[in-house]
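Residue strings, one per chain:
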Amino acid sequence: MAESDMQNGNNAPYPPYPGLDALQRTTVFRSMGIDSSREGIGAGMIRKKGGTDFRDYIAPRYVMVIVLRGRGTFTDERGKNYPLESGSYFQRQPGIPHSDVIESESGWIEAYLETGPLFYQSLRAMRIIHTENPAGKLKEISGLPERVWTLIHELRNASEERLPEFAVAMLELLRRCQADAEAVHPDGKKDNIIELACHALGTDFTHDVDLHDFCARHGWGYEHFRKVFKARIGVSPWRYRVRRKLDAASALLQDRQRTIAEIADTLGYSSAYEFSAQFKRYIGVSPLFYREGRKG
């Protein structure tokens, strides 16, 4: 959708954006796709009082909550607390318990973007949304309230045939929010174990990664880490490493000066046979066929 299509004006078929001071609760959700009330897209803008908003809540759908005004705290499933203020966002992920508290008298106003669990899984798998950090801080929110306001009313008035184009608009808003965001670290800590694990598993393939030792060094139990990693990334740590190795293999196979055996050695396989077998199992064709198929 063009930027100009997202602007309010006197001729728009919905009320003009009233500004934060005059904002009242405005929400919408439109079901889409399969016959399920959980699938679809939605958006909203809400003013809330202070106190506990949700405690150990498990959301049925994915929701990105953006703080337009106010202060509070988001608590993830590990009990880590993330400070919230104007420009902060946090993510309610399906199946993952979390809590959030709003400071009294802070004048809390939030906007939110919502998708069904299947759409959420696809966006996460394609790394369009990033869930390693459950909270973040937008570098700039000017213009964002108006865009969410427009999306709410466009969704409310859209015919069924036009809903897919607003799913694209929703996707673009989600992407922009995370692309323009900085990580918020819990309790002032600067490290993030999931992000660090992704780096360790996805870079140096010539050395084994001892995840039990890795978890011990960061104060985590391995089983808890494995469950959180899979919930955040969508695959187990071992499967993630395999995927990254095969991503690297696909790139190396474009260099026709490298033999299959050399690529296998570079990626830490014990033999060309082991590499070829795993490549074919996950990609569907042998490395040699993959390379030849890229001709022309």
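Keep in mind that this is a model prediction, so the values were computed, not measured.

Definitions and limits used
Residues numbered from 1 in each chain as written. Predicted model: local features only at pLDDT ≥ 70, side-chain atom pairs only at ≥ 80, totals over all residues. Heavy atoms only, no water. 1 Å grid on protein atoms, 1.4 Å probe; cavity = no way out; pocket = protein on both sides within 12 Å on 5 of 7 lines; lining within 4 Å. Points joined across faces, edges and corners; volume = space filled by probe spheres on them. Helix = DSSP H or I, 4+ residues; strand = E, 2+ residues; numbered from the N terminus. Nonpolar A, V, L, I, M, F, W, Y, C, P; charged D, E, K, R; others polar. Pairing = 2+ DSSP bridges. Axes fitted to C-alpha atoms, helices over the stretch in contact; angles between N-to-C directions. Phe/Tyr/Trp six-rings, centres within 6.5 Å; stacked < 30°, edge-to-face > 60°. Buried < 20%, exposed > 50% of the residue type's maximum accessible area, 1.4 Å probe, protein only. Lys NZ or Arg CZ within 6 Å of the ring centre and 35° of its normal. Parallel < 35°, antiparallel > 145°, perpendicular 65-115°, else oblique. Left-handed = near helix turned anticlockwise from the far one by under 90°. Contact = heavy atoms within 4.5 Å. Disulfide = S-S within 2.5 Å. pLDDT = per-residue confidence, 0-100.

### Describing the layout of surface pockets
Of the volumes computed, that of the largest pocket is approximately 310 Å³. Together, 16 residues line the largest pocket, and D208, W238, R241, V242 and K245 are the ones closest to its centre. Secondary structure elements with two or more residues in the lining of the largest pocket: α7 (237-252) and α9 (272-283). It is α7 that contributes the most residues to the lining of the largest pocket, 5 residues altogether. Split by residue class, the lining of the largest pocket holds 9 nonpolar, 3 polar and 4 charged.

### Digging into the sheet that holds strand β8 (residues 98-102)
Taken in spatial order, the 4 strands line up as β3-β8-β5-β6 in an open sheet, and their pairing is antiparallel. The open sheet has two edge strands, β3 (51-57) and β6 (81-84), and neither has a second partner. The sheet shows a mean angle of 10° between the axes of neighbouring strands, direction not considered. Bridge analysis of strand β5 (residues 72-75) against β6 gives 4 bridges, and the strand direction is antiparallel. Across the sheet, T75 pairs through a bridge with N81, a residue of β6.

### Regarding the packing of aromatic side chains
Tallied over the entire structure, the rule returns 11 aromatic pairs. With centroids separated by 5.2 Å and ring planes inclined at 50°, the aromatic side chains of Y269 and F275 adopt a geometry described as tilted. Judged by relative accessible area, F275 falls into the buried class, the value being 0%. Geometrically, the ring pair formed by F275 and F279 is edge-to-face, given 5.8 Å between the ring centres and 65° between the ring planes. Of this pair, F275 and F279 both sit in helix α9, 4 residues apart, roughly one helical turn. Pairwise contacts between aromatic rings join F214, F225, F229 and Y240 into one cluster. The ring of F29 has R61 lying over it, and the distance from NZ or CZ to the ring centre is 3.8 Å. When the ring centre of Y269 is taken as origin, the NZ or CZ atom of K245, which lies over that ring, is 3.9 Å away.

### A word on the sheet that holds strand β4 (residues 62-69)
Across the sheet, 7 strands lie side by side as β1-β2-β9-β4-β7-β10-β11; this open sheet has antiparallel pairing. Among the strands making up the open sheet, the edge pair consists of β1 (26-31) and β11 (181-183). With strand direction ignored, the average angle separating the axes of adjacent strands in the sheet is 20°. Bridging between β4 and strand β9 (residues 109-115) involves 7 bridges; their strand directions are antiparallel. Bridge pairing in β9 places I66 opposite A111.

### Some points on the packing of helix α2 (residues 144-157) against helix α3 (residues 163-179)
If you want to describe how two helices pack, look at the angle between their axes and the distance between the axes. Interhelical geometry of α2 versus α3 gives an angle of 160° and a closest axis separation of 11 Å. In terms of their interaxial angle, α2 and α3 are classed as roughly antiparallel. When you trace α2 past α3, the crossing you get is left-handed. Residues L144, R147, L151, E154 and L155 of α2 form the contact with α3, whose participating residues are L163, F166, A169, M170, L173, R176 and C177.

### Comments concerning the state of the cysteines
Under the counting rule described, the total for this entry stands at 0 disulfides. Free cysteine: C215, not disulfide-bonded; nearest cysteine sulfur from C198 at 12 Å.

### Quick word on empty space enclosed by the protein
One way to see where empty space is left: roll a probe the size of a water molecule over the atoms. Tallied over the full model, the rule gives 1 cavity of 30 Å³ or more. The volume enclosed by the largest cavity comes to roughly 50 Å³. Forming the boundary of the largest cavity are F74, D76, E77, Q91, Q93, I96, P97, H98 and P134. A per-class count over the lining of the largest cavity returns 4 nonpolar, 3 polar and 2 charged.

### A short note on the confidence of the model for the protein
Mean pLDDT over the protein: 86, with 92% of residues reaching 70 or higher. Within the model, pLDDT remains below 50 along residues 1-11, and this stretch shows 18 contacts once partners closer than five positions in the same chain are excluded.

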